[in-house]
Amino acid sequence: MWLLHWWLLCSRPGAKSWAPSWYVAFQLAPFARFTASDLTQLIVRHVNLSYAEAPAGASIAKDVDCITKMYVPAKRAKGGAPGAFEDLLACPFRELSLMEAVDHPTSGRSEWEFTTGSRISLPDRVVAYACLDYAARTARGAGSISLARLANEHGAPGRAFRVREPDVAAALERVAATTPGLQVVEAVGQRSLAFTSDPFELAWDVLDAQYDNVRKRSGFPTRRRNGHTPTPSSPKLRHANSSFRTP
């Protein structure tokens, strides 16, 4: 689910998002707590800057309603059963615990809040994959990218997963310890993720290790073979990524 969440939000320079409301909510929102109106207005503003045709406000409002229902666990009545199974049937992304419902201290109106902190269910290799995937947007060979960028930049894994730099660093160090060509280095007081080859290729090697080297199994299609047999929707999906200008 964390990997699917990243793929939903990840960006490519110059590309338009097929899920702009989700991208704005997680990558560009300047607030931790928000109302439906707050998020709707923010999304409308950003999408107006990136698309020639202005979106209908009602459509964006529906997106915001979908986002909160997608990620926020349902509230429980006092003394009620947890109902976690029913919650996940409604939407498995709720298991990520990236958002929660909160009550306004005075008005009692509905508000939501992005959660932060250590993500126990977030696999280290998924973090490393996302970091290398992000680095591949600007590098196609050996190089490095600062952990501060990976944690804080718009479009980066830190914002997508709502984790801080120390958590990103810890995950990368654990993966680098068993992954040739990957290392967390420090220079001039700044820590960086260094890679000795194409980060895009390294990213997929790391992800393959997470899933027991599935690419080596008999009958698994090669990238070349898979690229020559697209499904009707795959050409669009390969480019369904995000890039937004800030106001």
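Every value quoted in this text rests on a predicted model; they were computed, and no experiment measured them.

Parameters and conventions
Residues numbered from 1 in each chain as written. Predicted model: local features only at pLDDT ≥ 70, side-chain atom pairs only at ≥ 80, totals over all residues. Heavy atoms only, no water. Axes fitted to C-alpha atoms, helices over the stretch in contact; angles between N-to-C directions. Helix = DSSP H or I, 4+ residues; strand = E, 2+ residues; numbered from the N terminus. Parallel < 35°, antiparallel > 145°, perpendicular 65-115°, else oblique. Left-handed = near helix turned anticlockwise from the far one by under 90°. Contact = heavy atoms within 4.5 Å. Nonpolar A, V, L, I, M, F, W, Y, C, P; charged D, E, K, R; others polar. Buried < 20%, exposed > 50% of the residue type's maximum accessible area, 1.4 Å probe, protein only. Lys, Arg positive; Asp, Glu negative; His and termini not counted. Salt bridge = Lys/Arg side-chain N within 4 Å of Asp/Glu carboxyl O. Polar contact = N/O pair within 3.5 Å; in protein donor to acceptor, adjacent residues only side chain to side chain. Pairing = 2+ DSSP bridges. Core = buried A, V, L, I, M, F, W, Y, C linked by side-chain atoms within 4.5 Å. Phe/Tyr/Trp six-rings, centres within 6.5 Å; stacked < 30°, edge-to-face > 60°.

Q: Provide a residue-level description of the packing of helix α6 (residues 124-135) against helix α10 (residues 199-210), including the pertinent values.
A: The geometry of α6 relative to α10 is characterised by a closest axis approach of 8 Å and an angle of 165° between their N-to-C directions. Classified by the angle between their axes, α6 and α10 sit roughly antiparallel to one another. Here α6 and α10 pass one another in a crossing that is left-handed. In this structure, α6 contributes Arg125, Ala128, Tyr129, Leu132, Asp133 and Ala135 to the contact, and α10 contributes Pro199, Phe200, Leu202, Ala203, Trp204, Val206, Leu207, Ala209 and Gln210. Of the residues belonging to the contact of α6 with α10, the class tally is twelve nonpolar, one polar and two charged.

Q: I'd love a proper account of the side chain of Arg119, names of residues and values included.
A: On the secondary structure map, Arg119 appears in the loop between β3 (110-114) and α6. Asp167 is the oppositely charged side chain nearest to the buried, salt-bridge-free Arg119, at an N-O distance of 7.8 Å. From its side chain, Arg119 meets the backbone oxygen of Thr115 in a polar contact 2.7 Å long. Here Arg162 takes part through its backbone oxygen, which lies 3.4 Å from a polar atom of the side chain of Arg119.

Q: Outline the sheet that holds strand β4 (residues 143-146), listing residues and values.
A: One open sheet accounts for three strands, arranged β4-β6-β5; its pairing is antiparallel. Edge positions in the sheet fall to β4 and β5 (182-187), since each has one partner strand and no second. Sheet twist, expressed as the average angle between the axes of neighbouring strands with direction ignored, equals 30°. Here six bridges tie β5 to strand β6 (residues 190-195), and the two strands are oriented antiparallel to one another. Following the sheet pairing, Gln183 is matched in β6 by Ala194. Of the strands in this sheet, β4, β5 and β6 are in contact with α6, which crosses β6 at around 85°.

Q: Which residues make up the nonpolar core, and what values go with them?
A: Core analysis: the biggest nonpolar cluster contains 64 residues, and Tyr71, Leu150, Phe161, Leu172, Leu182 and Leu193 have the highest contact counts within it. If you tally residues by element for this core, the top one is α6, at nine residues. Leave out the neighbours within four places in its chain, and Leu172 touches Ala128, Cys131, Leu147, Leu150, Val184 and Leu193.

Q: So what about the environment of Ala171? Which residues, and what values?
A: By the secondary structure assignment, Ala171 is in helix α9 (residues 165-176). Judged by its relative accessible area of 3%, Ala171 falls in the buried class. Residues within four places of Ala171 in sequence aside, it is in contact with Asp124 and Val127.

Q: If you had to explain the pattern of salt bridges to someone new, which residues and values would you point to?
A: As enumerated under the stated definition, the model contains ten salt bridges in all. Among the ionic pairs, Lys69 bridges to Asp65, the shortest N-O distance being 3.1 Å. One end of the pair, Lys69, and the other, Asp65, are both in helix α4 (residues 57-71), four residues apart, so they sit about a helical turn from each other. Among the residues examined, Lys69 registers a relative accessible area of 49% and is labelled partly exposed.

Q: Any details on the packing of aromatic side chains? Residues and values, ideally.
A: Tallying each qualifying case throughout the model produces eleven aromatic pairs. Each ring, one from Trp7 and one from Tyr129, has its centre 6.4 Å from the other, and the planes form 85°; the classification is edge-to-face. Residue Trp7 is found in helix α1 (residues 2-9), and its partner Tyr129 is found in helix α6; the two are separated by 122 residues along the sequence. We classify Trp7 as partly exposed; its relative accessible area is 33%. Ring geometry for Phe34 versus Phe114: centroids 5.2 Å apart, planes at 40°, classification tilted. Residue Phe34 is located in strand β1 (residues 33-34), and its partner Phe114 is located in strand β3; the two are separated by 80 residues in the primary sequence. Classification of Phe114 as buried rests on a relative accessible area of 4%. Joined through ring pairs, the aromatic side chains of Phe26, Phe31, Phe34, Tyr71, Phe93, Trp112 and Phe114 make up one cluster.

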